[in-house]
Amino acid sequence: MRIVHTADELRGLASRPGRRAGDRASRAVVMTMGALHEGHLALVRAAREEADEVVVTIFVNPLQFDDAADLDSYPRTLDADCALLEPLGVDVVFAPSVEEMYPAGDPVVTVAAGEIGRVLEGAHRPGHFDGVLTVVCKLLHMTQPDLAFFGQKDAQQIIAVRTMARDLSMPVRIVAVPTVRDADGLALSSRNVFLSAPERARALVLSRALQAADAAARVGADLAEALAAGHAALAHEPDVEVDYLEALDPVSAVPLEGDYRGEAVIAVAARVGETRLIDNVVTRFGPPID
Ligand code: PAF
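Residues numbered from 1 in each chain as written. Predicted model: local features only at pLDDT ≥ 70, side-chain atom pairs only at ≥ 80, totals over all residues. Heavy atoms only, no water.

### Observations concerning the packing of aromatic side chains
So, step 1. Inspection of the entire model under this criterion finds 2 aromatic pairs.
So, step 2. With 6.1 Å between their ring centres and 55 degrees between their planes, F59 and Y102 make a pair best called tilted. Here F59, found in the loop between β3 (53–58) and α3 (68–73), pairs with Y102, found in the loop between α5 (98–101) and α6 (121–124); they are 43 residues apart in sequence, far enough to count as distant. An identical accessibility class is assigned to F59 and Y102; each is buried.
So, step 3. Between F65 and Y74, the ring centres sit 5.7 Å apart and the planes meet at 75 degrees, which makes this aromatic pair edge-to-face. (Phe/Tyr/Trp six-rings, centres within 6.5 Å; stacked < 30°, edge-to-face > 60°. Helix = DSSP H or I, 4+ residues; strand = E, 2+ residues; numbered from the N terminus. Buried < 20%, exposed > 50% of the residue type's maximum accessible area, 1.4 Å probe, protein only.)

Here it is in structure tokens:
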């Protein structure tokens, strides 16, 4: 496994002799901000299954943080991350510095997430998805993959990335990998390390609320009833400060309302102590699911 820190080094490794248009997908990228856990490793394993060459990027992207304290405290664990990646057969780790990624300071030209960037997570974290898309766009250019793997846990992020790839004609297939959970249901997140034991126990209410909403939808509840079931579950933990529990369109991320029929993402965000967590479930509204 090669660990490189600059775009020049990456380009040096990137020449794949014999690769022609029409060859089977051969390079996959998994983009991360480090502090790797089983959720990231599931992305890497999925990438390894499908591509000949796997590049993992590790970069804590300042553009997507709206809170300087959050950026400063984000865990940075490069050596431990590389030790987890090596046995999985990763070919290249690209871990650039901020100066390498943004040599002229904050970029003048950025990618705008549009309406996707203004709802739900975007409404709570203004500019977040513009920052995500800008760095994802740069990393796609730098790593030149055929496939890019992202976790379904960041449902709105994957919708934003897919929309960017579609709207800007990027020659890459975006693959969503299911959320990895601890045995008790807590979605894995790099932020879980900030939870104390009692906070971690309280955080389980997020996945319970999603299960309640999903279960209701699957037996024929409409959108309002399913969300009410989720809110009722959340009410069991009054110390968990809920930002939203909403259903969104799986393609546009537009929040759904009324008599919606079809697939939906139910997403929740809440603050548990000082830690803000998100989670989601994909469900379907319409006739009961067997
Ligand atoms: O999901 C993440 O870890 C980040 O948002 C990403 C995609 C690596 C961009 O910085």
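Once the structure has been displayed, the description carries forward.
### What about empty space enclosed by the protein?
So, step 1. Considering all chains together, one arrives at 3 cavities of 30 Å³ or more under this definition.
So, step 2. Computed from the structure, the largest cavity encloses a volume of approximately 80 Å³.
So, step 3. In terms of lining, the largest cavity is formed by L120, E121, K153, A155, Q156, Y244, L248, A267, V268, I278, D279 and N280.
So, step 4. For the lining of the largest cavity, the secondary structure elements donating two or more residues are α8 (155–167), β7 (241–248), β8 (262–272) and β9 (275–285).
So, step 5. With 3 residues, β9 is the single largest residue contributor to the lining of the largest cavity.
So, step 6. For the lining of the largest cavity, a count of residues per class yields 7 nonpolar, 2 polar and 3 charged. (1 Å grid on protein atoms, 1.4 Å probe; cavity = no way out; pocket = protein on both sides within 12 Å on 5 of 7 lines; lining within 4 Å. Points joined across faces, edges and corners; volume = space filled by probe spheres on them. Nonpolar A, V, L, I, M, F, W, Y, C, P; charged D, E, K, R; others polar.)

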